[in-house]
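Structure at a glance
Take a look at the letters that make up each chain.
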Amino acid sequence: MFRLKFKYIFFAFLLPVFLYLGLYTWNSRTGALDRFAAYTGMEFAGLVLAPGKWITARTRTLWNRYFFLVGTVEENERLREKNDSLKLEAIKLREKASELERIKSLLRFSPPDDWDYEGARVIARRLGPNAALGTIFINKGFRDGVYKDQPIVTPDGVVGRVYKAAPHYASVLLLTDPNNHIPVLGQNSRTNAITEGQGLDEALQVKHVPRNALLFSRELLVTSGLADVYPKGLPVARIKKIKLLELSLFKKVVSEPLVNPDRLEEVLILKRNDQSDPLPLTSDEFRILE
Amino acid sequence: MPVFVFWLLYTVLCVWAHSFFPGLDCFAPALIVCLHLRRYRTAFWLGSIWLVINEGTGSLAFGSSIVWYCGLILFFFLIQLFLSSRHIYFVLTLALFAGGWQLFLYSSMVRLQELQVAQETILSGSLMTMLFFPVGWILVQGMTEPRGGRASV
């Protein structure tokens, strides 16, 4: 009787739990399942979303045309047609001009020495129930030389770093996410600190600034290059508030990110020129190197 | 409509819905409807595909979706012991559980992986899944349940 019950408990509960824990541990060591999910699931989602972006843009254009035509029904037929076509032309040109302006500003960006850059489009933001972190999806993956922890920027400042890369798509951990810590220094004061996100549309916390360290109000914070992820000197945020706490050894500093990740349409991926192996090291490879 | 095309279209629409409503899981009600209609093989294949999509697009380490779907399936069979799965209370209870389970599971997973995520982020996703569950159930069941002796998709 006891043996039967034990068998039942073992097969119904313990065995699946052991299997799951084994799978989880094996994956945290090797990252094999994470890679498999990125290469299949993320790739599928990217394939679904990328053409949809194009359709959305087309639909918006059609809707705009229709909207403007409906608004001028009462006008003289000939004048209305001319007016409409001119309006449409203006809208198209305005859209093109704004896109051109954005692309021109991307082209004006000069990467730091030993770094090169490549443009990418944002195709989505957080996706699915598993998307707990603040991320965006871009239309470039490891086939385009994108790999984990690569810096993502715009001409205005740092956006974040690559979190996961699939063959043709990648997700980017935004600087506003609480799990993204960026080593920075004050552009004028040269005081070292670390920024920490507090969520989308929220200011960044600037941590580990000693009480007696020099830091100016409205000072620009740039990457210090210490973590070997971001090159030195990229603008990250501007100091908003500095407060001295009575009991703390550190200053309470709040800064404003220079980039609004919610409005991003295009980004730049920074690539090291001397990058010989663009693929990230697996845990096993890392252990061997150690 | 061929079954394959229906589920492919459903999956594509769900991925789009996920991009508009972060945290929502549109696949969950469809998976449970497949079990309710005793289409276990379809549930297995679709569940595996959706699991990979959720894991691939998500930002947590692999494994959360396995527990998420296993919990839902387990609870589906448990409530079936007390309520008929054709009853509206069954769907509402399952929706309530789905919301609570998602909140508990992802809060635990985030803590386990030592990540900092605002509780509101997980809570909003759970609420969306809970509210969508009955709607998704009705939609998918309406399109997949056999009618007049003939199976639809």
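Now for a look at the structure at hand. Remember, predicted model here, so these are calculated numbers, not experimental data.

Details of the sheet that holds strand β3 (residues 151-153) of chain A
Taken in spatial order, the six strands of this closed barrel run β1-β2-β5-β4-β3-β12 (chain A), and their pairing is antiparallel. Adjacent strand axes in the sheet meet at a mean angle of 45°, parallel and antiparallel pairs treated alike.

Re empty space enclosed by the protein
Evaluated as defined, the whole model comprises three cavities of 30 Å³ or more. One number sums up the size of the largest cavity: a volume of about 70 Å³. Lining the largest cavity we find R126, P129, A131 and A132 of chain A together with G23, Q102, Y106, T121, I122 and G125 of chain B. Among the elements of the structure, α5 (88-112) and α6 (119-144) of chain B are those that each provide at least two residues to the lining of the largest cavity. The element that contributes the greatest number of residues to the lining of the largest cavity is α6 of chain B, accounting for three residues.

Some thoughts on a positive patch on the surface
Residues and elements named next belong to chain A. A surface patch of like charges, here positive, comprises K240, K241, K243 and K252. The dominant element in the positive patch, judged by the number of residues it contributes, is strand β10 (residues 235-244), at three residues. With respect to the helices, strands and loops of the structure, K243 is situated in strand β10. What makes K243 partly exposed here is its relative accessible area of 48%.

Topic: a nonpolar patch on the surface
All names here are of chain B. On the surface, a nonpolar cluster with roughly 520 Å² of combined accessible area is contributed by M1, F4, V5, L8 and L9. Within the secondary structure layout, L9 lies in helix α1 (residues 3-20). Judged by relative accessible area, which is 45%, L9 ranks as partly exposed.

A closer look at the pattern of salt bridges
Residues and elements named next belong to chain A. This model, assessed by the stated rule, comprises seven salt bridges over all chains. The salt bridge involving D149 is made with R161; its shortest N-O contact spans 2.9 Å. Of this pair, D149 sits in the loop between β2 (135-138) and β3 while R161 is found in strand β4 (residues 158-165), placing the two residues twelve residues apart along the sequence. You can call D149 partly exposed: its relative accessible area is 29%. Overall, the relative accessible area of 17% leaves R161 in the buried class. A network of salt bridges, in which partner residues are shared, links E118, K140 and K271.

Topic: the packing of aromatic side chains
All names here are of chain B. For the coordinates displayed, the defined rule picks out 18 aromatic pairs over all chains. Relative to Y10, the ring of F6 has its centre 6.4 Å away and its plane inclined at 25°; by these criteria the two rings are stacked. Taken together, the residues span about one helical turn, with F6 and Y10 both in helix α1 at a distance of four residues. Residue classification places F6 among the buried positions, given a relative accessible area of 5%. Residues W68 and Y106 carry aromatic rings whose centres are separated by 6.5 Å and whose planes lie at 55° to one another, so their mutual orientation is tilted. Taken together, the positions of W68 in helix α4 (residues 64-80) and Y106 in helix α5 put the pair 38 residues apart, joining distant regions of the chain. An aromatic cluster of at least three residues, connected via ring pairs, comprises F6, W7, Y10, F27 and W50.

About the thresholds
Residues numbered from 1 in each chain as written. Chains lettered and ligands numbered in written order. Predicted model: local features only at pLDDT ≥ 70, side-chain atom pairs only at ≥ 80, totals over all residues. Heavy atoms only, no water. Pairing = 2+ DSSP bridges. Helix = DSSP H or I, 4+ residues; strand = E, 2+ residues; numbered from the N terminus. Axes fitted to C-alpha atoms, helices over the stretch in contact; angles between N-to-C directions. 1 Å grid on protein atoms, 1.4 Å probe; cavity = no way out; pocket = protein on both sides within 12 Å on 5 of 7 lines; lining within 4 Å. Points joined across faces, edges and corners; volume = space filled by probe spheres on them. Patch = residues over 30% accessible without salt bridge, like charges linked within 9 Å, V, L, I, M, F, W, Y side chains within 5 Å. Areas by Shrake-Rupley, 256 points an atom, 1.4 Å probe, with all protein chains shown as cover. Salt bridge = Lys/Arg side-chain N within 4 Å of Asp/Glu carboxyl O. Lys, Arg positive; Asp, Glu negative; His and termini not counted. Charge placed at Lys NZ, Arg CZ, Asp CG, Glu CD. Buried < 20%, exposed > 50% of the residue type's maximum accessible area, 1.4 Å probe, protein only. Phe/Tyr/Trp six-rings, centres within 6.5 Å; stacked < 30°, edge-to-face > 60°.

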